[in-house]
Amino acid sequence: MTAPEPGRGGTHDRAQDPARAAASGALVAEDLRVAYGKVTVLEDVSFRVVPGEVVALLGTNGAGKSTLLRTISGLVRPIAGSLALAGEDLTRLRPPEIVRRGVLQVPGGRATFPGLTVAESLTVGALTVPRSEREARTAEVIDRFPWLAERRDQLAGTLSGGQQQMLALARALVCRPRILLVDELSLGLAPVVVGELLEVVASLRTAGVGVVVVEQHVDLALSFADRAYFLERGRVRFEGPAAELRGRRDLLRAVFLAGAAAGPTG
Ligand SMILES: Nc1ncnc2c1ncn2[C@@H]1O[C@H](COP(=O)(O)OP(=O)(O)O)[C@@H](O)[C@H]1O
Ligand SMILES: [Mg+2]
């Protein structure tokens, strides 16, 4: 566990070398700088996720986690740095073009449309899928979450909090993402439900999806993730294998207390 530096071993290594990162299909952000007006909120942020790995993005409120995801999605323009997927430059693409390349974000909070039924919600998810494939894709997702079939005519707003977030995930999966960005999917949910959601998210690694998870339940996030990044006031403070971070109470305390001491910024 160190500050970011040329890595050794595993997915880290694969993503580090540009040619190998491209071949692996990695999403690579290099030296991103992002500002809202005159206020810089991300500085020199380098970040990568490889298909088939789960990366936890951690940090206190206002650290810049959502901004990083929004930048990857093209919703926020960086003033410096670059973004690439499998070697293709994404930096100047618009959000729909980024979605079309398979980078999908599940928004934070309650991410469902309460007035749509479960079936309609999945149909909305399929809007960017070629018409001829929509039905098969929806069926594929219902196979994965059989309870969706039983509730297909139920309004999303009447599902439990955990079910709504599961539906939000399912809706994203209809698009068969290559990279899935999950921003605080479990906000306000009980830890046991958070665990269930993270289990589903982590199961996507076997399908070769690269997953980035922002999660307040740090211990839970680290127990499901392969690697983790700690953002502190817009900078990557630490980066490393989740297994190494799990035992580092000192580090977790340092990052989270430093953030807390700086006061609520978000
Ligand atoms: N649309 C915005 N306009 C101005 N400042 C923003 C905007 N969104 C976020 N910020 C600021 O950027 C910083 C990072 O916010 P954010 O990315 O939401 O952090 P996190 O997700 O880690 O809590 C915070 O100081 C926040 O107040
Ligand atoms: Mg956020």
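Residues numbered from 1 in each chain as written. Chains lettered and ligands numbered in written order. Predicted model: local features only at pLDDT ≥ 70, side-chain atom pairs only at ≥ 80, totals over all residues. Heavy atoms only, no water.

1. As for the overall build of the protein chain
Looking only at helices and strands, the protein chain has 12 helices and 10 strands in total. Every one of the 266 residues in the protein chain was classed for burial, and the buried ones make up 49%. (Helix = DSSP H or I, 4+ residues; strand = E, 2+ residues; numbered from the N terminus. Buried < 20%, exposed > 50% of the residue type's maximum accessible area, 1.4 Å probe, protein only.)

2. Observations concerning the sheet that holds strand S10 (residues 235–241)
Strand pairing in a sheet relies on backbone hydrogen bonds, with the paired strands running either antiparallel or parallel. Strand order in the open sheet formed by 6 strands is S6-S7-S8-S3-S9-S10, with mixed pairing between adjacent strands. The open sheet has two edge strands, strand S6 (103–106) and S10, and neither has a second partner. The mean inter-strand angle of the sheet, taken between neighbouring strand axes irrespective of direction, is 15 degrees. Strands in contact with helix H3 (residues 65–72) are strand S3 (54–58), S6, strand S7 (179–183), strand S8 (210–214) and strand S9 (227–232); relative to S7, the strand with the most contacts, it is inclined by about 150 degrees. (Pairing = 2+ DSSP bridges. Axes fitted to C-alpha atoms, helices over the stretch in contact; angles between N-to-C directions. Contact = heavy atoms within 4.5 Å.)

3. A look at the site of ligand 1
Around ligand 1 there are 12 residues in total, and Gly62, Gly64, Lys65, Ser66 and Thr67 lie nearest to it. Within the backbone of Gly62, an N or O atom sits 2.7 Å from an oxygen atom of ligand 1. Between Ala63 and ligand 1, the recorded distance is 3.2 Å, taken from a backbone N or O atom to an oxygen atom. Partitioned by chemical class, the residues of the shell around ligand 1 number 3 nonpolar, 8 polar and 1 charged. (Near = heavy atom within 4 Å. Polar contact = N/O pair within 3.5 Å; in protein donor to acceptor, adjacent residues only side chain to side chain. Nonpolar A, V, L, I, M, F, W, Y, C, P; charged D, E, K, R; others polar.)

4. Quick look at the confidence of the model for the protein chain
A low pLDDT score tells you not to read the predicted coordinates there in detail. For the protein chain, the average pLDDT comes to 87, and 89% of its residues sit at 70 or higher. For the protein chain, helix H1 (residues 10–16) is the element with the lowest average pLDDT, namely 51, and strand S1 (residues 27–36) is the one with the highest, namely 98. Counting contacts from residues 1–12, a segment whose pLDDT is below 50, to residues more than four positions away or on other chains yields 27 contacts. (pLDDT = per-residue confidence, 0-100.)

5. Section: the pairing of strand S4 (residues 80–85)
Where a strand is regular, its side chains alternate between the two sheet faces. Both S1 and S4 contribute to a ladder of 5 bridges, which runs antiparallel. Along S4, the bridge assignment pairs Arg33 with Ala80. In this structure, S4 lies alongside strand S5 (residues 88–89), joined through 2 bridges in antiparallel fashion. What sits directly across from Ala84, in S5, is Asp89. Two successive antiparallel strands, S4 and S5, enclose a turn made up of 2 residues, where Ala86 displays a positive phi of approximately 50 degrees.

6. Quick notes on the sheet that holds S4
Within the open sheet, the 4 strands sit side by side as S2-S1-S4-S5. Their pairing is antiparallel. Each edge of the open sheet is held by one strand with a lone partner, namely strand S2 (39–49) and S5. Summarising the sheet, S1 and S2 pair through 7 bridges and their orientation is antiparallel. Its bridge partner lying in S2, Val34 is registered against Leu42.

7. Concerning the environment of Tyr229
By the element assignment, Tyr229 lies in strand S9. Put simply, Tyr229 and Arg48 are 181 residues apart on the chain and 9.8 Å apart in space, counted from C-alpha to C-alpha. Ignoring sequence-local partners within four residues, the contact set of Tyr229 consists of Ser46, Phe47, Arg48, Val55, Ala56, Leu57, Leu58, Val236, Phe238 and Glu239. Of note is the side chain of Tyr229, whose polar atom sits 3.2 Å from the side chain of Arg227.

8. With respect to the nonpolar core
Counting 51 residues, the largest nonpolar core has Leu148 and Leu180 as the members making the most contacts within it. Per-element accounting of this core gives the leading share, 7 residues, to helix H8 (residues 161–173). For Leu148, the residues in contact, after removing those within four places along its chain, are Val118, Leu122, Val141, Ile142, Leu167 and Ala170. Grouped together as the second largest cluster of nonpolar side chains are 28 residues, Leu27, Phe47, Leu69 and Val236 included. (Core = buried A, V, L, I, M, F, W, Y, C linked by side-chain atoms within 4.5 Å.)

9. As for unusual backbone geometry
One non-glycine residue, Asp31, lies in positive phi territory at about 50 degrees. With a phi angle near 50 degrees, Ala86 is a residue other than glycine that sits in the positive phi range.

10. Comments concerning the side chain of Ser73
Take Ser73: it is sitting in the loop between H3 and S4. The contact partners of Ser73, leaving out residues within four places of it in the chain, are Pro95, Ile98, Gln105 and Leu181.

11. As for helix H6 (residues 134–144)
Taken as a whole, H6 has its buried residues at Arg137, Thr138, Val141 and Ile142. Buried residues along H6 cover an arc of 140 degrees about the axis, so they all sit on one side. Of the exposed residues in H6, the ones pointing more than 90 degrees away from its buried face are Glu135, Ala136 and Asp143. On its buried side, H6 packs onto helix H5 (118–125), helix H7 (147–150) and H8. (Arc of directions from axis to C-beta.)

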